[in-house]
Amino acid sequence: MVNNNNLKKEAGYWIQKLNLQKHPEGGYYRETYRSNEIITKDCLPNRYDGNRSFYTSIYFLLIGNDISAFHRIKSDEIWHFYYGSSMTIYRIDPDGMLFKTKIGDNLENGELFQTYIKAGHWFGAKINDPNSFSLAGCTVAPGFDFSDFELGSRKDLIKAYPRHREIIEQLTLP
């Protein structure tokens with residue numbers, strides 16, 4: 001079992017070295033790249049309200065019982081596992097199907113180094129070992145813009161997907 005002080009110290013090392021800050025959905029993040037090349041609004045689907053970079057990339061870190069709360073964005077997103085405990089990413093598609101994918105480095109345990117989230121799908125994540133932390137990366141194309149971000153409401157998600165109430169309650173903010 002990991003000592004809580006060591007956990008915070010080790011996670012703190014990554015937060016400091018990677019210059020991470022609090023993310024509105026939970027955890028810590030820092031944008032690491034935003035393409036200088038732009039896709040103009042007239043070349044994008046109607047769901048976008050303006051121009052977007054070709055793609056963006058971030059570091060993302062969860063500690064212990066932190067969660068990435070259910071949210072959705074207007075672009076496709078790829079999650080990349082880097083270090084620490086594996087995490088499970090939960091995704092609800094527009095038809096209400098729930099999918100679970102573990103990202104981590106134990107391929108024998110069904111973990112993957114990467115997974116994807118399609119545009120418009122609700123998704124959230126939690127660490128599989130609450131005595132640890134998980135460092136991942138996310139790449140979004142077309143590039144992320146906070147105007148494309150929607151944080152899920154517990155009440156609305158349970159109403160829309162009642163059979164997934166348990167995980168929705170775990171992965172939404174009160």
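Everything that follows concerns the structure shown earlier in this document.
Structure report, in brief. (Residues numbered from 1 in each chain as written. Predicted model: local features only at pLDDT ≥ 70, side-chain atom pairs only at ≥ 80, totals over all residues. Heavy atoms only, no water.)

### Quick word on a nonpolar patch on the surface
The grouping of Tyr 33, Phe 54 and Tyr 55 at the surface amounts to a nonpolar patch, some 280 Å² of accessible area in total. Structurally, the position occupied by Tyr 55 is in the loop between strand 4 (52-53) and strand 5 (56-63). (Patch = residues over 30% accessible without salt bridge, like charges linked within 9 Å, V, L, I, M, F, W, Y side chains within 5 Å. Areas by Shrake-Rupley, 256 points an atom, 1.4 Å probe, with all protein chains shown as cover. Salt bridge = Lys/Arg side-chain N within 4 Å of Asp/Glu carboxyl O. Helix = DSSP H or I, 4+ residues; strand = E, 2+ residues; numbered from the N terminus.)

### A short note on the sheet that holds strand 5
With antiparallel pairing, six strands are arranged side by side in an open sheet as 1-2-5-12-7-10. The sheet terminates laterally at strand 1 (21-22) and strand 10 (114-117), the two strands that pair on one side only. Sheet topology places strand 7 (residues 76-84) next to strand 12 (residues 133-141); eight bridges connect them, and they run antiparallel. Across the sheet, the residue bridging to Gly 84 is Ser 134, located in strand 12. (Pairing = 2+ DSSP bridges.)

### Considering the pattern of salt bridges
By the definition in use, this model includes five salt bridges. The structure contains a network of salt bridges with shared partners spanning Asp 49, Arg 52 and Asp 148.

### Focus: the environment of Asn 128
Secondary-structure assignment places Asn 128 in the loop between strand 11 (122-127) and strand 12. A residue is classified by how much of its surface remains accessible, and Asn 128, at 32% relative accessible area, is partly exposed. For the pair Asn 128 and Asn 65, spaced 63 residues apart in sequence, the C-alpha to C-alpha distance is 9.2 Å. Residues within four places of Asn 128 in sequence aside, it is in contact with Ser 85, Ser 86, Met 87, Thr 88 and Lys 102. There is a polar contact of 2.8 Å between the side chain of Asn 128 and the side chain of Ser 86. (Buried < 20%, exposed > 50% of the residue type's maximum accessible area, 1.4 Å probe, protein only. Contact = heavy atoms within 4.5 Å. Polar contact = N/O pair within 3.5 Å; in protein donor to acceptor, adjacent residues only side chain to side chain.)

### Here we look at the nonpolar core
Core analysis: the largest hydrophobic core is formed by 15 residues, its most contacted members being Phe 60, Leu 62, Trp 79, Met 87, Ile 89, Ile 103 and Ala 125. Broken down by secondary-structure element, the contributors of at least two residues to this core are strand 5, strand 7, strand 8 (87-92), strand 11 and strand 12. With 12 residues, the next largest nonpolar core counts Tyr 90, Leu 157, Tyr 161 and Ile 168 among its residues. (Core = buried A, V, L, I, M, F, W, Y, C linked by side-chain atoms within 4.5 Å.)

### With respect to the packing of aromatic side chains
Between two aromatic rings, the relevant description is the distance of the centres plus the angle of the planes. Counted by the stated rule, this structure contains 10 aromatic pairs. A ring pair is formed by Phe 60 and Trp 79, whose centres lie 5.6 Å apart and whose planes are at 70°; its orientation type is edge-to-face. Here the residue Phe 60 occupies a position in strand 5, and Trp 79 occupies one in strand 7, the gap between them amounting to 19 residues. For the pair Phe 60 and Trp 79, a shared accessibility class is recorded, and that class is buried. Measuring from ring centre to ring centre gives 6.4 Å for Phe 144 and Phe 149, while their planes differ by 75°; the resulting arrangement is edge-to-face. Exposure remark for Phe 144: the relative accessible area of 16% places this residue in the buried category. Following the ring pairs from residue to residue traces out a cluster consisting of Tyr 13, Trp 14, Tyr 83 and Phe 133. (Phe/Tyr/Trp six-rings, centres within 6.5 Å; stacked < 30°, edge-to-face > 60°.)

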